[in-house]
Amino acid sequence: MIILNKTNWTLVSFILNGVPGLEDMHVWISFPFFSMYIVAMVGNCGLLYLIYYEDSLHRPMYYFLAMLSLTDIVMCSSTIPKALCIFWFHLKDIGFNECLLQMFFIHTFTGMESGVLMLMALDRYVAICYPLRYSTILTNHVIAKVGLATFLRGVLLIIPFTFLTKRLSYCRGNIIPHTYCDHMSVAKLSCGNVKVNAIYGLMVALLIGGFDILCITISYTMILRAVVSLSSADARQKAFSTCTAHICAIVFSYTPAFFSFFSHRFGGHTIPPSCHIIVANIYLLLPPTMNPIVYGVKTKQIRDRVIRILSGSKDIKSHGI
């Protein structure tokens, strides 16, 4: 719905059009989305439950994993339920303020995801390079502070998006060719100058993604140097094995992000819009789905406790299991 004011067009609501060009296949597209969402919710809620109740998992590595699981739950829950409503029930309307709120949550928690992956890289660096000082460096107080700082970084950098979007005048309709309210997808409906939005969006991507990737790269460079210097092959293998789950999480998170970023800028006319939309959804859905699976398989402590729970073992030393 659009209301005409004296000076500009004021939007009351948007229409999310789903995956453009594949409207007839929305029901089929919904099945993998729904399946991955269920796996993501069960897996991440299960990890949080296990980390909370299992005393042996009250360690820095698992606290960061709990942050990642919380972030993943909010990130995919901000988009997938609405996408499924579009696919199944054709409920495409979304209020203007609701759209801004969804945009805020999506961009804040994708930034949080990147930040937590960076913190987990630093955790692996301290664990491998300074094992004797690990518990004294990464205390609960330090973990809480860096976690809060990562969250506030996302909030403070993303809040301007909502004001930059709200200030615009909209006169190009209210149909968004997407399954959720992406910042630039909304801004492109404006008849005003969106250069500030585009520049600020690129600046935030560099401040968050660029900084985090740089820290991850430096951390793993130092880790590689430390591991290579070890004399024992078993010690090297053990050190590398503690990083495999985190490396997989980085790959699942950043690969679709890089594809989406570069395809929009260099392949916008050759890659169909439907591909952009599907990749954008995979970017928000793949990490929450795969992270609990990878950590459940690759982390011995978590794997052993899950096996004990599934087998009904009664010798688990915890409060609630």
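The structure presented is a predicted model; accordingly, all values stated were derived computationally and were not measured.

**A few points about the pairing of strand 3 (residues 13–16)**
So, point 1. Pairing analysis gives 3 bridges linking strand 3 to strand 4 (residues 93–95), with the strands arranged antiparallel. Along strand 4, the bridge assignment pairs F14 with I94.
So, point 2. Where strand 3 lies against strand 5 (residues 175–176), 2 bridges are found, and the strand directions are parallel. Among the inter-strand pairings, I15 is bridged to a residue of strand 5, identified as I175.

**As for unusual backbone geometry**
So, point 1. With a phi angle near 55°, H90 is a residue other than glycine that sits in the positive phi range.
So, point 2. As for its position among the elements, H90 is in the loop between helix 3 (80–89) and strand 4.

**Brief notes about the UniProt feature "transmembrane region" (unreviewed entry) in the protein chain**
So, point 1. Mapped onto the present numbering, the UniProt feature "transmembrane region" (unreviewed entry) falls on residues 27–50, 62–89, 101–122, 142–164, 198–227, 239–257 and 277–297.
So, point 2. Overall, residues 198–227 shows 100% helix and 0% strand. The separation of its end C-alpha atoms is 42 Å.
So, point 3. End C-alpha to end C-alpha, residues 239–257 measures 28 Å, and it is 100% helix and 0% strand.

**So, the sheet that holds strand 5**
In a beta sheet, neighbouring strands pair by backbone hydrogen bonds and run either parallel or antiparallel.
So, point 1. Reading across from one edge, 4-3-5 is the order of the 3 strands in this open sheet, with mixed pairing throughout. Here the strands that pair on one side only, and so sit at the sheet edges, are strand 4 and strand 5.

**Some details on the layout of surface pockets**
So, point 1. Roughly 450 Å³ of volume is contained in the second largest pocket.
So, point 2. In terms of residue count, helix 9 (residues 233–266) provides more of the lining of the second largest pocket than any other element does, 6 residues in total.
So, point 3. The residue inventory of the lining of the second largest pocket, partitioned by class, reads 10 nonpolar, 4 polar and 5 charged.

**A short note on the state of the cysteines**
So, point 1. Here the structure, examined in full by the defined rule, presents 2 disulfides.
So, point 2. The disulfide that involves C99 links it to C181, with 2.0 Å between the sulfurs. The S-S bond linking C99 to C181 shows a torsion near -125°; that makes this disulfide left-handed. Of this pair, C99 sits in helix 4 (residues 96–129) while C181 is found in the loop between strand 5 and helix 7 (183–187), placing the two residues 82 residues apart along the sequence.
So, point 3. Residue C99 is classed as buried on the basis of its relative accessible area, which comes to 1%.
So, point 4. Owing to a relative accessible area of 0%, C181 belongs among the buried residues under this scheme.
So, point 5. Across the disulfide from C171 sits C191; the S-S distance is 2.4 Å. With C171 in the loop between helix 6 (140–166) and strand 5 and C191 in the loop between helix 7 and helix 8 (195–228), the pair connects residues that are 20 residues apart, well separated along the chain.
So, point 6. Residue C191 is classed as partly exposed on the basis of its relative accessible area, which comes to 39%.
So, point 7. Each disulfide of the protein chain joins two cysteines, and with those cysteines numbered along the sequence the arrangement is 1-3, 2-4.

**Brief notes about helix 10 (residues 273–298)**
So, point 1. Between its first and last C-alpha atoms helix 10 spans 36 Å; for 26 residues at 1.5 Å apiece the expected length is 38 Å, and the two agree.
So, point 2. At L285, helix 10 shows its maximal kink, close to 35°; a proline, P287, follows between one and four residues later.

**With respect to the pattern of salt bridges**
So, point 1. Per the stated rule, a full pass over the model turns up 4 salt bridges.
So, point 2. Residue E54 is joined to R305 by a salt bridge in which the shortest nitrogen-to-oxygen separation is 3.5 Å. Of this pair, E54 sits in the loop between helix 1 (26–53) and helix 2 (60–77) while R305 sits in helix 11 (residues 300–311); the two residues are 251 residues apart in sequence, bridging distant segments of the chain.
So, point 3. Owing to a relative accessible area of 13%, R305 belongs among the buried residues under this scheme.
So, point 4. For R124, the salt bridge identified is with D123, shortest N-O distance 2.9 Å.

**Considering the side chain of N281**
So, point 1. By the element assignment, N281 lies in helix 10.
So, point 2. With near-sequence residues (within four places) excluded, N281 lies in contact with F33, I80, H178, T179 and Y180.

**Section: empty space enclosed by the protein**
A water-sized probe rolled over the atoms picks out the places where empty space is left.
So, point 1. In this structure the tally under the stated criterion is 1 cavity of 30 Å³ or more.
So, point 2. Considered as a void within the structure, the largest cavity measures approximately 60 Å³ in volume.
So, point 3. Going through the elements one at a time, helix 2, helix 4 and helix 9 are the ones with two or more residues in the lining of the largest cavity.
So, point 4. Looking at the lining of the largest cavity residue by residue, the class counts come to 5 nonpolar, 2 polar and 2 charged.

Parameters at a glance
- Residues numbered from 1 in each chain as written.
- Predicted model: local features only at pLDDT ≥ 70, side-chain atom pairs only at ≥ 80, totals over all residues.
- Heavy atoms only, no water.
- Pairing = 2+ DSSP bridges.
- Helix = DSSP H or I, 4+ residues; strand = E, 2+ residues; numbered from the N terminus.
- UniProt positions renumbered as here; feature names shortened; annotations may be inferred.
- 1 Å grid on protein atoms, 1.4 Å probe; cavity = no way out; pocket = protein on both sides within 12 Å on 5 of 7 lines; lining within 4 Å.
- Points joined across faces, edges and corners; volume = space filled by probe spheres on them.
- Nonpolar A, V, L, I, M, F, W, Y, C, P; charged D, E, K, R; others polar.
- Disulfide = S-S within 2.5 Å.
- Buried < 20%, exposed > 50% of the residue type's maximum accessible area, 1.4 Å probe, protein only.
- Expected span 1.5 Å × (residues − 1).
- Bend = angle between axes of the 7 residues up to and from the residue.
- Salt bridge = Lys/Arg side-chain N within 4 Å of Asp/Glu carboxyl O.
- Contact = heavy atoms within 4.5 Å.

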